[in-house]
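Summary of the model geometry
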Amino acid sequence: MHISDGVLPPSVTVGTAAVALLFAAWSARRTDPDDLPKIAVVSSAFFVASLIHVPIGPTSVHLLIPGVVGILLGRSAFIAVCLGVVLQSLLFQFGGITAIGANACMMGIPALISGWLFRSMRGPSLPRLILAGATAGGLGIVLAVVGLALLLVTGGEDFLGVAKLAMYAHLPVLFIESAIAAFTVSFLFRVKPELLDMSFQAHAAR
Amino acid sequence: MAAGVHVIHLPLPVPFLVLGGTLLLWLAARRLLKFLTGREEMPEGGGEPDYSIPLVDSQAQGDSPFHRWDPRIKVAALLCFMFCAAFLQQLPCAAAALVVGGGAVVFARIPLRYPLRRLLAMGGFLGMFVVVMPVTVPVKSGDTLLVFNHLSFLPFSVRGLNLALLICIKAVAVALLVDPLLATAPFSHTVKALVALRVPPIVCQMILLAYRYVFVFQNESNRMARGMSARGFQKKTDLRTLRNMGNSLGMLLVRSFERTQRVHDAMVSRGYGGTLPGQLQFHARPGDWLKGAFWVLAGIALLVADRLCTLPTGFRF
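Some details on the overall build of chain B
A count of helices and strands for chain B gives nine helices and three strands. Reading chain B from its N terminus to its C terminus gives the helix and strand order β-α-α-α-α-β-β-α-α-α-α-α. Its C-alpha atoms put chain B at 75 × 60 × 35 Å along the principal axes. Across the 317 residues in chain B, those meeting the buried criterion constitute 40%. Considering only contacts in chain B between residues 6 or more positions apart, those separated by 24 or more positions represent 84%. On chain B, roughly 17200 Å² of surface is accessible, and the fraction owed to carbon and sulfur atoms is 65%. In chain B, the 32 positive side-chain charges and the 16 negative ones have mean positions that sit 5 Å from each other.

Comments concerning the pairing of strand E2 (residues 59-62) of chain A
Residue and element names in this part refer to chain A. Relative to E2, strand E1 (residues 53-56) runs antiparallel, the two being bridged by four bridges. When the bridges of E2 are listed, Pro55 appears paired with Ser60. Hairpin geometry of E1 and E2 is characterised by an intervening segment of two residues between the two adjacent antiparallel strands and by a positive phi of about 55 degrees at Gly57.

Let's talk about helix H7 (residues 201-230) of chain B
Over its 30 residues, H7 of chain B extends 43 Å from the first C-alpha to the last, a length consistent with the 44 Å expected when each residue adds 1.5 Å. Positive backbone phi, approximately 95 degrees, marks Gly232 of chain B, located one or two places after H7 of chain B.

Quick look at the pattern of salt bridges
Pairs can form between side chains of opposite charge whenever their charged atoms are close. All names here are of chain B. For the structure shown, the criterion picks out eleven salt bridges over all chains. Residue Asp63 pairs with Arg68 through a salt bridge whose shortest N-O separation is 2.9 Å. Of the charged contacts in the structure, one is a salt bridge between Arg159 and Asp143, with a shortest N-O distance of 3.1 Å. With Arg159 in helix H5 (residues 158-182) and Asp143 in the loop between helix H4 (113-136) and strand E2 (144-148), the pair connects residues that are 16 residues apart, well separated along the chain. Judged by relative accessible area, which is 11%, Arg159 ranks as buried.

Quick word on the interface of chain A and chain B
Contacts between chain A and chain B engage 63 residues on the former and 66 residues on the latter. Between chain A and chain B, a total of about 5700 Å² is buried, with carbon and sulfur atoms accounting for 82% of that surface. The largest per-residue losses of area from chain A upon contact with chain B belong to Gln93, Asp158 and Phe183 of chain A, which jointly make up 11% of the total buried on that side. Counting every contact that joins chain A to chain B gives two salt bridges. Ionic pairing is found between Asp158 of chain A and Arg159 of chain B, a salt bridge with its closest N-O pair at 3.0 Å.

A look at the nonpolar core
Residues Ile3, Val69 and Leu91 of chain A together with Phe129, Met133, Phe187 and Trp295 of chain B are the most contacted members of the largest nonpolar core, which totals 149 residues. The element contributing the most residues to this core is H5 of chain B, with 15 residues. Once you skip the residues sitting within four places of it in the chain, Val69 of chain A turns out to touch Val42, Phe46, Gly74, Ala77, Ala80 and Val81 of chain A. Counting residues in each nonpolar core, the second largest holds five residues, with Ala29, Leu36, Leu116 and Leu120 of chain B among its members.

Considering the packing of helix H8 (residues 171-191) of chain A against helix H8 (residues 239-269) of chain B
Orientation of H8 of chain A relative to H8 of chain B, taken along the N-to-C sense of each, is 50 degrees, at an axis distance of 7 Å. In this view, H8 of chain A runs oblique relative to H8 of chain B, as classed from their interaxial angle. Of the two possible hands of crossing, H8 of chain A and H8 of chain B adopt the one that is right-handed. Taken together, the residues of H8 of chain B that come into contact with H8 of chain A (itself represented by Ile176, Ala179, Ile180, Phe183, Thr184, Phe187, Leu188, Arg190 and Val191 of chain A) are Leu239, Leu242, Arg243, Met245, Gly246, Asn247, Leu249, Gly250, Met251, Leu253 and Val254 of chain B.

Some words on the packing of aromatic side chains
For the coordinates displayed, the defined rule picks out 14 aromatic pairs over all chains. Ring centres 6.2 Å apart and planes at 75 degrees place the aromatic pair Phe159 of chain A and Phe129 of chain B in the edge-to-face group. Taken as a pair, Phe159 of chain A in the loop between helix H6 (126-153) and helix H7 (160-169) and Phe129 of chain B in helix H4 lie in two separate chains rather than in one. Phe129 of chain B carries the same exposure label as Phe159 of chain A, and that label is buried. Both rings, one in Phe125 of chain B and one in Phe129 of chain B, keep their centres 5.2 Å apart while their planes meet at 70 degrees; by these two values the pair is edge-to-face. With Phe125 of chain B and Phe129 of chain B both in helix H4 and four residues apart, the pair spans about one turn of that helix. For the residue pair Phe125 of chain B and Phe129 of chain B, the accessibility class agrees, reading buried in each case. Through successive ring pairs, a cluster of aromatic residues spans Phe66, Trp69, Phe81, Phe294 and Trp295 of chain B.

Let's talk about the environment of Gly133 of chain A
Assignment of secondary structure puts Gly133 of chain A in helix H6. In the structure, Gly133 of chain A is positioned 93 residues away from Ala40 of chain A in sequence and 22 Å away in space, judged by C-alpha atoms.

A word on the sheet that holds strand E3 (residues 156-157) of chain B
All names here are of chain B. Spatially, three strands are ordered E1-E2-E3 in an open sheet, and the strand pairing comes out mixed. Taken across any chain shown, the strands that pair with only one partner, and hence form the sheet edges, are strand E1 (6-10) and E3. Here E1 pairs with E2 via five bridges, running parallel. Of the residues in E2, the one forming a bridge with His9 is Val147.

Quick notes on the layout of surface pockets
Empty space within the second largest pocket amounts to approximately 990 Å³. Counting residues per element, the ones that place at least two in the lining of the second largest pocket are helix H1 (10-29), helix H4 (77-92) and helix H5 (100-121) of chain A together with helix H2 (71-86), H5, helix H6 (187-196) and H7 of chain B. Ranked by residue count, the leading element in the lining of the second largest pocket is H1 of chain A, at seven residues. Here the lining of the second largest pocket is composed, by residue class, of 28 nonpolar, four polar and no charged.

A word on the state of the cysteines
For the structure on display, the rule yields zero disulfides over all chains. Cys82 of chain A supplies the cysteine sulfur nearest to Cys105 of chain A, a cysteine that is in no disulfide, at a spacing of 7.6 Å. Here Cys204 of chain B stays unpaired: no disulfide links it, and the sulfur of Cys82 of chain A, its closest cysteine neighbor, is 13 Å away.

Conventions adopted
- Residue indices begin from 1 for each chain and proceed along its sequence in written order.
- Written order decides the labels, with chains lettered from A and ligands numbered from 1.
- Side-chain atom pairs in this predicted model are given and counted only at pLDDT of 80 or more, local residue features only at pLDDT of at least 70, and totals for whole chains, interfaces and linings cover all residues.
- In computing side-chain properties, one takes all heavy atoms of the structure into account and sets aside hydrogens as well as water.
- The helix count covers DSSP runs of H or I at least four residues long, the strand count covers runs of E at least two residues long, and both are numbered beginning at the N terminus.
- For every residue, the accessible area obtained with a 1.4 Å probe (protein chains only) is divided by the maximum for its type, and the residue is called buried under 20%, exposed over 50%, and partly exposed between those limits.
- Contacts are assigned to residue pairs with any non-hydrogen atoms lying within 4.5 Å of each other.
- Every accessible area reported is derived by Shrake-Rupley at a probe size of 1.4 Å, with residue values counting cover from the shown protein chains alone.
- Charged residues are defined narrowly, with Lys and Arg counted positive, Asp and Glu counted negative, and His plus the chain ends left uncounted.
- By convention, the charge on Lys lies at NZ, on Arg at CZ, on Asp at CG and on Glu at CD.
- Should DSSP find at least two bridges between two strands, the strands are taken to pair.
- Expected span of a helix: the number of residues minus one, times 1.5 Å.
- Whenever a carboxyl oxygen of Asp or Glu lies within 4 Å of a side-chain nitrogen of Lys or Arg, that contact is scored as a salt bridge.
- Buried surface area refers to the total accessible area, computed with a probe of radius 1.4 Å, that the two partners give up upon joining, counted for both partners together.
- To qualify as a nonpolar core, a set must consist of buried Ala, Val, Leu, Ile, Met, Phe, Trp, Tyr and Cys residues joined through side-chain atoms within 4.5 Å.
- Fitted lines through C-alpha atoms serve as axes, helices being fitted only where they are in contact, and the angles separating the N-to-C directions of these axes extend from 0 to 180 degrees.
- To sort the angles, those under 35 degrees are grouped as roughly parallel, those over 145 as roughly antiparallel, those from 65 to 115 as roughly perpendicular, and the leftovers as oblique.
- A clockwise turn of the near helix away from the far one marks a right-handed crossing, whereas an anticlockwise turn of less than a right angle marks a left-handed crossing.
- Between rings of Phe, Tyr and Trp, where Trp is taken as its six-membered ring, a pair exists when centres lie within 6.5 Å; planes separated by under 30 degrees are stacked, by over 60 edge-to-face, and by other angles tilted.
- Cavity: a set of points on a 1 Å grid over the protein atoms alone where a 1.4 Å probe fits but cannot get out. Pocket: an open set with protein on both sides within 12 Å along at least five of seven lines, its lining residues, like those of a cavity, having an atom within 4 Å of a point.
- Grid points are joined across faces, edges and corners, and a volume is the space filled by probe spheres set on the points.
- When residues are sorted by character, Ala, Val, Leu, Ile, Met, Phe, Trp, Tyr, Cys and Pro go into the nonpolar class, Asp, Glu, Lys and Arg into the charged class, and all the rest, Gly among them, into the polar class.
- The disulfide criterion used throughout: a pair of cysteine sulfur atoms within 2.5 Å.

Structure representation (structure tokens):
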């Protein structure tokens, strides 16, 4: 779910853009220039994931994966999400151009938090890892949806109903994202575990 | 219920007719998009797929006032107008912005299918506002309520409907301008213009890289989906589907990382140091500045008119 143009009040549009810029600058400072292509990869994967649909009964939802982005990139996750949001907006109008800042905050801050949670929760064993992945994936969605609702409510009490509906509508997404993140993490652990350690090592070396 | 609320009673079928009509319009728009896209000549089969298939700059070869405009001034002026349009608060001014947006699409000679695709992508989000806001907006004094027979428990607020329509019109007006902004110059030129506008070059490099990878990965993702369905995989609502999709997302990431690493190594070994070479020079002519001034002034004029004019009660909210 992405906020389109003209929904948020001017002050919130400008404010979230400023917050997004601050976080992006911080995230970019913490990023090794050699990792830039990797970040572009994850941005693109974040974008492509939004085109992958998972069926729920008669309807379907698309993946959001802020949690997985956080797991893969750690502190660089915010800049990756920013890029992904920019591309989604420019290419497909998923989210408006004037709301890029708000959408980046809505998805990027959850990515940072769930990435941090994953790194502090993970253990050497696969079950611990899967648990951490599921929690991070689910938390990413919870935070993103709460962020969406909060942003909508900044428009005034008139937006309360829409915000509530948006939150309820994302309940099934929470379980799907949690499961997808767990399976993705366990797959990566078995196939290419260094991807899960990348962000961690980059920070340890610093 | 608050004092001073006007109540209008309407027969029951009215909301269903309106809802049905909107749904039909939506379906018709989807069919139209399919029809228009189907006529697009697609390179069929054979050989390595063309990863450079442009999406945002598909009309870059055309000729129009937008194509001839210096990209730096175009990006700055149109973004300024977009923000002004997004901040409007009254329906007539938003409608004027919508007309300007539509005019821009016509002047830039953008084929209908591009803006149509953008509008349909927003449909779900905007539809939520139109359906939910009229019935959830708190009732205030001076509001007009529509009450449908047999549905008296669900009063329908005209103020809520107006608010939802305002949001939709603004969103459509801005979305219509995106194609004149992006499709009228090669994407690399637009990104170069961003560099000239003091966006950090590293960010612009990543935008270009990610923009390219999007098509590569989408292709890869489609290829994997084809392979999975060839092996009998069907998407259902169960844990197995989620496991397979989680694995395929992981596989997509692994393949993408490896591929990108190879490409990056190759780029570095050819002397890539953070910027792509190019001889593009921008030349701003007086006409470019004039166009820029027009858009900036139009945006500011709309915003000022929006804040200064007051409408008769009933249209105000």
